[in-house]
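# What the coordinates show
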Amino acid sequence: VYNIYVQDNEVYVVGYPTLNGCYWKLSDRNESLVQVPALNWSNDIFVSGADVYLSGNKEQIARYTKNGTAVDLTTGTGSAYCSVIFVSGSDIYTAGGEEGPDGNYVAKYWKNGNLTNLTDGSNDTNINAIFVLNEKVYIAGTDGDFPLLWQDDKLVKFPKEGAANGVFVVDRPK
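Right, let's walk through the structure included here. Because the structure is predicted, anything quoted here is derived from the model rather than measured. (Residues numbered from 1 in each chain as written. Predicted model: local features only at pLDDT ≥ 70, side-chain atom pairs only at ≥ 80, totals over all residues. Heavy atoms only, no water.)

Another aspect to go through is the overall build of the chain. In terms of regular secondary structure, the chain is built from 0 helices and 16 strands. Relative to the globule expectation of 16 Å for 174 residues, the C-alpha radius of gyration of the chain, 16 Å, shows essentially globular dimensions. Along the first, second and third principal axes, the C-alpha set of the chain runs to 50 × 50 × 30 Å. Expressed as a percentage of its 174 residues, the buried residues of the chain come to 44%. Restricting to contacts in the chain with at least 6 residues of sequence separation, those with at least 24 account for 28%. Entry remark: accessible area of the chain is about 9300 Å², with carbon and sulfur atoms responsible for 47%. Positive and negative side-chain charges in the chain, numbering 13 and 21 respectively, have mean positions lying 6 Å apart. (Helix = DSSP H or I, 4+ residues; strand = E, 2+ residues; numbered from the N terminus. Rg over C-alpha atoms; globule rule 2.2 N^0.38 Å. Buried < 20%, exposed > 50% of the residue type's maximum accessible area, 1.4 Å probe, protein only. Contact = heavy atoms within 4.5 Å. Areas by Shrake-Rupley, 256 points an atom, 1.4 Å probe, with all protein chains shown as cover. Lys, Arg positive; Asp, Glu negative; His and termini not counted. Charge placed at Lys NZ, Arg CZ, Asp CG, Glu CD.)

On to the sheet that holds strand β3 (residues 21-26). Spatial strand order, β1-β2-β3-β4: 4 strands in an open sheet with antiparallel pairing. On the outer flanks of this sheet lie β1 (3-7) and β4 (31-36), each paired with one strand and no other. For this sheet, the mean inter-axis angle between neighbouring strands, taken without regard to orientation, is 20°. As defined by bridge partners, strand β2 (residues 10-15) adjoins β3 across 5 bridges and the pair is classed as antiparallel. Looking at β3, one finds that Val-14 is bridged to Tyr-23. (Pairing = 2+ DSSP bridges. Axes fitted to C-alpha atoms, helices over the stretch in contact; angles between N-to-C directions.)

Examined against the element boundaries, Gln-7 turns out to sit in strand β1. A relative accessible area of 18% means that Gln-7 is categorised as buried. From its side chain, Gln-7 meets the backbone oxygen of Gly-49 in a polar contact 2.9 Å long. If we ignore the near neighbours within four places in the chain, the residues touching Gln-7 are Val-47, Ser-48 and Gly-49. (Polar contact = N/O pair within 3.5 Å; in protein donor to acceptor, adjacent residues only side chain to side chain.)

Next up on the list: the pairing of strand β11 (residues 105-111). Most of β11 is tucked away, with 6 of its 7 residues classed as buried. Looking at chain direction, strand β10 (residues 91-99) and β11 are connected through 7 bridges and run antiparallel. Note on β11: the bridge partner recorded for Glu-98 is Val-106. Joining the antiparallel neighbours β10 and β11 is a turn of 5 residues, in which Gly-103 adopts a positive phi near 95°.

Here we come to a nonpolar patch on the surface. Among the surface-exposed residues, Val-1, Ile-4 and Val-6 lie close enough to one another that they form a single nonpolar patch of about 320 Å² accessible area. Along the polypeptide, Val-6 turns up in strand β1. (Patch = residues over 30% accessible without salt bridge, like charges linked within 9 Å, V, L, I, M, F, W, Y side chains within 5 Å. Salt bridge = Lys/Arg side-chain N within 4 Å of Asp/Glu carboxyl O.)

Within the largest apolar cluster, 28 residues are counted, with the highest numbers of intra-cluster contacts made by Ile-127, Ile-130 and Ile-139. Within the residue set of this core, elements represented by two or more residues are β7 (61-66), β9 (80-88), β10, β11, β13 (125-133), β14 (136-143) and β15 (146-151). When residues in this core are grouped by element, the largest group, 6 residues, is from β9. Ignoring sequence-local partners within four residues, the contact set of Ile-139 consists of Ala-95, Tyr-109, Leu-118, Ile-127, Ala-129, Ile-130, Leu-148, Leu-149 and Trp-150. One finds Tyr-23, Val-36, Leu-39 and Leu-54 within the second-largest nonpolar core, a separate group that totals 10 residues. (Core = buried A, V, L, I, M, F, W, Y, C linked by side-chain atoms within 4.5 Å.)

Structure (structure tokens):
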């Protein structure tokens, strides 16, 4: 199990017990396993109304699915993955990485499929979380052994070794 999402009285759990991406949908009435053959691996889930979004990959291609239909983010020329997904209104935010020429993963994020490179590949970078509030994008990850946080494209690199595995932002009244 990689992540959960709760909407109304339904719980969605993402993981991969098979050769495909999948998620479980749990409600008061039943529990079901939904296979997503468009993904080899799924890591994150977001539910918006009746739409279920999964992040993951197929072969070397970073992609996400909406209700099982794949949307490719990379071409497959290098190993890539889409590790996180967030939906805000009609905008779909995803992030992950793609292997660079020296073997390190370059952190990337996409808004509606439009790419922004977050790192240059000089260190191996992993993206672990994404959150959007008031059109600001927050992305948490790890660069080598150091936790990172991007607010939009502005990077904060924390001075102690560790990992940033989640991000949640609260809009408090002033």
